[in-house]
Structures are given as structure tokens and as C-alpha cells.
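So the chains spell out like this:
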Amino acid sequence: MVRARLWRVGLGMLLLIEPLGSSWAAEGLNAADERVNRAIGAHVAFLADDLLEGRAAGSAGHELAARYVVSEFARLGLRPGGDGGGWLQTVPLMESQLVPDSARMELHVDGRTEVLEYNLEFLSGPQFTGTNLTVTAPLVFVGYGVRAPELGYDDFAGVDVRGKIAVMLAKAPPRFPATALAHHANARQKSRALVEAGAVGVIGIPTPKDLEETPWARRIMQSRFPAMRTTDAAGNPEEVYPELKASVSLSPQGVGKLFAKAPQPVTEVLSAAARSEPPRFPLGIEATIHTHSEHRRLVSPNVIGILPGRDPRLAGESVVLTAHLDHMGRGPAVDGDTIYNGAYDNAIGVALMLEVARALAEDGRGPRRTVVFAAVTAEEKGLRGSEFLARHLPASAGRPVANINLDMVLLGAPTRRYTVLGVEHSTLRGPVEFAAKRMGLELVPDPRPDRVVFVRSDQYSFVRQGVPAIFPKVADAGGDPVVGQLSPDQFLKEHYHRPSDEATLPRDAESSVRFARFVTLIARRVADAGEAPRWNPGDFFGETFGKAAGSRQ
Ligand SMILES: [Zn+2]
């Protein structure tokens, strides 16, 4: 066991940093705070234990984690919101895994055939359209592959993509406002645009900036994990684009070969794209891409607990708190460790959600609106569990009016600086600012809108159903790393999606308790307000998705 560590910083200031999954008493906190701190540590210690083998959706480890959340919900006196009066909502899924060494890619240039090398030059994701797929077609470069008429931008204008494999840069033009960037950079949106243009396959090119964020070596690791889709009533995978018979990405080493016959060198293309003015042109070569994927059907649960509202006029509306319970499971060994524990991603979010649930459930006067707590599955597989939840909320949950999502709350260093993603879109800004002010917290805007974090976790599933949502995070303080602490940036660089994301990483006790209180205060404020949150007039998400919600009541 590891004892809580006290670090002396500067002139006699004492900071309490302890391991993320520590349940040791932390001196310096009052008794109530200490109870919350200890509970957070205990939840994380269990959920991130090696025994749970990284909680991959569909695995025994994830099932165990789900039972843990069930018993916590039951202990708090929540009502079960799952199937058939139970706590679990079964999410039907299909898994696809690429058969190792099955992916082949050939370029046909002037009658010669050149074979690209897997891993080194290209990677393929597992496919859902079929198990054995082969496509041969001419290549056409289409910039970012984005069609955004509302911004006067169209990568498909004037190029013929029908029957061709589209070659495109990752994400979206940097000149786009943050929200539009997030929306158009989304894989779903891009696939739809490609299919509408008539493409039969896609080759993605990470920009230098993308490679800085996720180096090629990391992408190789990620490609070894299976992918998942939910299945519909007929058992067919959803969000699949059967028109696209291939989907690969090219390393900087591979990209040069694609542009061998191009009218412009790739360096010029990249710098034009960085100015949001990529050219589009046929690449003058053909490619054959073959993949062999294996499919498996499975189910994995969302865990749903409900705290019914006390006001009969408002109890039919709900505030939904979500935190994903799944992580990546077992994967390629790093320093001999094959278990991707996911302590910060996202045992911590579930731990915080449980403590918010406890605070609201144990408060003598319950909230006026219903509050729904959901530990969702398959986030790591593309927000599958939350997507299913948002589309199939139990009747007892009422009509969702807001979502608060907790994912990767990086509490490895003391902080009072938070970034609450999504506040700019709706009246949820009010309760967030109220809570921050009351607790003496500083709210800072998203320092990296280009990372499009708002569409990369479970709140986006609710946004897509027209429900205003927020995603509260800890802001990085900047500056040099401090011994014994772990800044958000350090975590992203060293531990994100790696086996080292473990319960032994540092966690600041006071900041953890503060964060749980902050979220509790926001949830309470939203649940008690006379009026439900609304999208701001003319807001991008409100305009795109909000209409459906209004007519869905
Ligand atoms: Zn993750």
C-alpha cells in the first residue's frame, strides 16, 4: 500500500497529493471533505484495479465494474432505470477487429504496382461493411473532405469524387469557428459528406499538428484495438457507411507516394491547408485496398440510477449526469504492462459522479427535477453507450433537459481553474458561473479548440439529440511540471490511453473534493431552476439539433 504523500512546496506551503486510488486519510481536510476524498479514492482503486483488466466494453472486467456501480446506486437509494426494472440497460453491439497482417494497399502508377508497408506507411481501422473488402479506384485529393455551405466552404466543389477513393486531411479547416470546426471534423459528418459525393473509400492524412497530438507510433497501437457499433432491431450495425469499402490512414512516409503524380508537392498542399485553402485535384494514380475484419456480436450494459424529482410540476424533466465506465481493456504491452487500467480515463469520472449522486441523494430536500445518473459503456468505441442511452432513455427518466458529462477530470495537481466546455452554447452558462463564483473558482475558455474535445466525449450524444450539455474539465496551469504532481498536459503526453493510466498516479485531495462540489452545485441549480436550460438563439448546435428536441416531447 502507498501512503498519502505530503509535498512541501515553496515557502512552507503544504499540498496534499496522494495516489489517485488512495483511501488513506488526508490530513488538512475537514471530516466531511475527507469522507468525499476517501470515497473518490476508493472508487478509483476498485475500478482501476488490474483484476478488472481495463474494463473493455463487453468484457468480464466491465461487467464487474457495472455491478460495483449498481451496488453504489442501490446503497444511495436511487431507483433503477435499466431494462425490466433492473439497473442495467443492455446495449446491443457489434465488434469488428482487423485480422493482423491482413490489410494490403497497392498503388498503380503508370502501369507499375507499388505495395505499401502496413504500420510503417499505412494503417487500417476494422471495417463493418463486410468482413472481406477489396476496392480498386482512382484517387482524388479533396482537402479536408468538408462541405460547409453555411461557411462558404466546399471541398467537393469542382472535383469528381464519384466512384473514387477520396484522399483527405484529418479534421477541418482551421479558420472555422470552434463549434463548426468540431462539428465538421467529426468522423460521422465527414463520412456522410464523402458518401453524398459518391466516394467508395477514404484515405486519411493526419496533418503535422495531428501528429504532434497523436504521433504515428500511438496510432499504430490504437489500430490494434477492436471497433464497435450499436446494432439496430434487425441486428445490423448502425452508423456504418456501406458505400465506403475502405478506410485507411497514411503516415508521413506513405503520403509522399500518393502525391507522386500530383500537380503540387505535398508540402505545398499542407501549407495551403493550414491557411484553410487546400487545393483539390485527381492524384493521377489508382489504389487497391484490401482488409479482412472479424465480426462478433455482444452486449454491454449502461448502468442507470434515478433520483426522482420532488416537484410534481418539474419531475417529468431530468438532468442527466454521465461518466463512461469502459476503458480500453488489454492491449499491446508497454513496459511489460498489457492492462490499460483507465484510472483517469475514466474511473475518476465515475467516482466523481457517484459522489455527486451521494451528495444529492443524502440532501434532505431532494432536487425539484429528476436527476439521472448513468455510467455508460463503449465510450472508447465512439460514444456508443451514451448514444444508445440518449436515444433510449427509460420512461421514468422523463424528458432530458440537460446533460453534464464527467470524463478525464485531471486532478493530478492543485487547481481552481476550470474549463467548462459547452457553456457558450446554452443558458447552462448561468448555473456554471453561479457555482464558480460561489466557490471562488476561475473559469477559463478552452485553450485548445482545435482538439475539438466537446464532440469527443459522451455529452455529444446528448447534444445530437438536441439536449444542451456541458463538459467540465480542469484547466492546465501551464508552467513547468512540479515533482509529485501531474498536470493535465503531462497526463495527455505520458499516460493518456496507455497502461500507465493507473490508480498510482498523483491526485490532489482538495481539488478532487472541490470538483465534486462544483458539479453537485451546478446539477442542483439546474434541477431546481424554474425554467429548463435552452440553447442560445442562433446557436450552431441548437440550430442543427435543437429543433428535433422541441418536437420530441
Ligand atoms: Zn479515452
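Here is what the cut-offs are and how they apply
Residues numbered from 1 in each chain as written. Predicted model: local features only at pLDDT ≥ 70, side-chain atom pairs only at ≥ 80, totals over all residues. Heavy atoms only, no water. Helix = DSSP H or I, 4+ residues; strand = E, 2+ residues; numbered from the N terminus. Rg over C-alpha atoms; globule rule 2.2 N^0.38 Å. Buried < 20%, exposed > 50% of the residue type's maximum accessible area, 1.4 Å probe, protein only. Contact = heavy atoms within 4.5 Å. Pairing = 2+ DSSP bridges. Salt bridge = Lys/Arg side-chain N within 4 Å of Asp/Glu carboxyl O. Polar contact = N/O pair within 3.5 Å; in protein donor to acceptor, adjacent residues only side chain to side chain. Phe/Tyr/Trp six-rings, centres within 6.5 Å; stacked < 30°, edge-to-face > 60°. Domains from an automatic or database assignment. Buried area = accessible area lost by both parts, 1.4 Å probe. Nonpolar A, V, L, I, M, F, W, Y, C, P; charged D, E, K, R; others polar.

Colleague: Mind laying out the overall build of the chain, listing which residues take part and the relevant values?
Modeller: Each helix and strand counted, the chain has 15 helices and 24 strands in total. Its C-alpha radius of gyration of 24 Å places the chain within 12% of the 24 Å reference for a compact globule of 553 residues. Overall size of the chain, expressed as C-alpha extent along the three principal axes, is 75 × 55 × 40 Å. Within the span of the chain, comprising 553 residues, buried residues form 59% of the whole. Pairs at least 24 residues apart make up 81% of the contacts formed inside the chain by residues separated by at least 6 positions.

Colleague: Tell me about the pairing of strand β18 (residues 337-340), residues and numbers included.
Modeller: Side-chain positions along a regular strand alternate between the two faces of the sheet. Bridge count between strand β17 (residues 329-334) and β18: three bridges; the pairing is antiparallel. Note that in β18 the partner of Arg330 across the bridge is Ile339. Once β17 ends, the chain turns through two residues before running back antiparallel as β18, passing Asp335 with a positive phi of about 50°.

Colleague: Give a description of the pattern of salt bridges that names residues and reports values.
Modeller: Tallied over the entire structure, the rule returns 33 salt bridges. Across the pair Glu239 and Arg188 runs a salt bridge, and its minimum N-O distance is 2.5 Å. Of this pair, Glu239 sits in the loop between β13 (227-230) and β14 (247-250) while Arg188 sits in helix α4 (residues 187-197), placing them 51 residues apart in sequence. For Glu239, a relative accessible area of 22% puts it in the partly exposed group. The class of Arg188 is buried, set by a relative accessible area of 11%. Each of Arg188, Glu238, Glu239, Glu387, Arg391 and Arg464 takes part in a single network of salt bridges with overlapping partners.

Colleague: Go over the side chain of Thr230, please, and point to the residues and values.
Modeller: Mapped onto the secondary structure, Thr230 falls in strand β13. Among the polar contacts listed, one links the side chain of Thr230 to the side chain of Glu238, at a separation of 2.7 Å. Non-local contacts of Thr230, meaning those with residues more than four positions away in its chain, are made with Val91, Pro92, Leu93, Asn236, Pro237, Glu238, Arg384 and Phe388.

Colleague: Before we move on, could you go through the pairing of strand β4 (residues 88-98) and cite the residues and values that matter?
Modeller: Bridge count for β4 against strand β15 (residues 281-307) is 11 bridges, and the pairing is antiparallel. Each residue of the ladder has a partner; that of Gln97, found in β15, is Glu294. Where β4 and β13 come together, four bridges link them in antiparallel fashion. Within the sheet, the bridge partner assigned to Met94 lies in β13 and is Arg229.

Colleague: Give me the lowdown on the packing of aromatic side chains, citing residues and values where you can.
Modeller: A full pass over the atoms with the stated rule returns 18 aromatic pairs. With a centroid separation of 5.7 Å and an interplanar angle of 75°, the aromatic rings of Phe540 and Phe541 are classed as edge-to-face. The buried category is assigned to Phe541, whose relative accessible area is 1%. Within the aromatic cluster, the residues linked to one another by ring pairs are Phe454, Tyr460, Trp535, Phe540, Phe541 and Phe545.

Colleague: Could you give an account of the domain arrangement of the chain, with specific residues and numbers?
Modeller: One can read the domain layout of the chain as domain 1 (21-86 + 308-552) and domain 2 (96-295). The C-alpha centroid of domain 2 is placed 32 Å from the C-alpha centroid of domain 1. Contact with domain 1, which involves 32 residues of that partner, is made by 25 residues of domain 2. In total, about 2400 Å² of surface goes out of reach between domain 1 and domain 2, with carbon and sulfur atoms giving 59% of it. Across the domain 1-domain 2 interface, the total number found is four salt bridges. With its nearest N and O atoms 3.1 Å apart, the salt bridge here joins Arg391 to Glu238. Broken down by secondary-structure element, the contributors of at least two residues to the side of domain 1 that touches domain 2 are β17, α10 (384-391), α13 (488-494) and α15 (540-552). Considering each element in turn, the side of domain 1 that touches domain 2 owes the most residues, five residues, to β17. Of the residues in the side of domain 1 that touches domain 2, the class split is 16 nonpolar, five polar and 11 charged.

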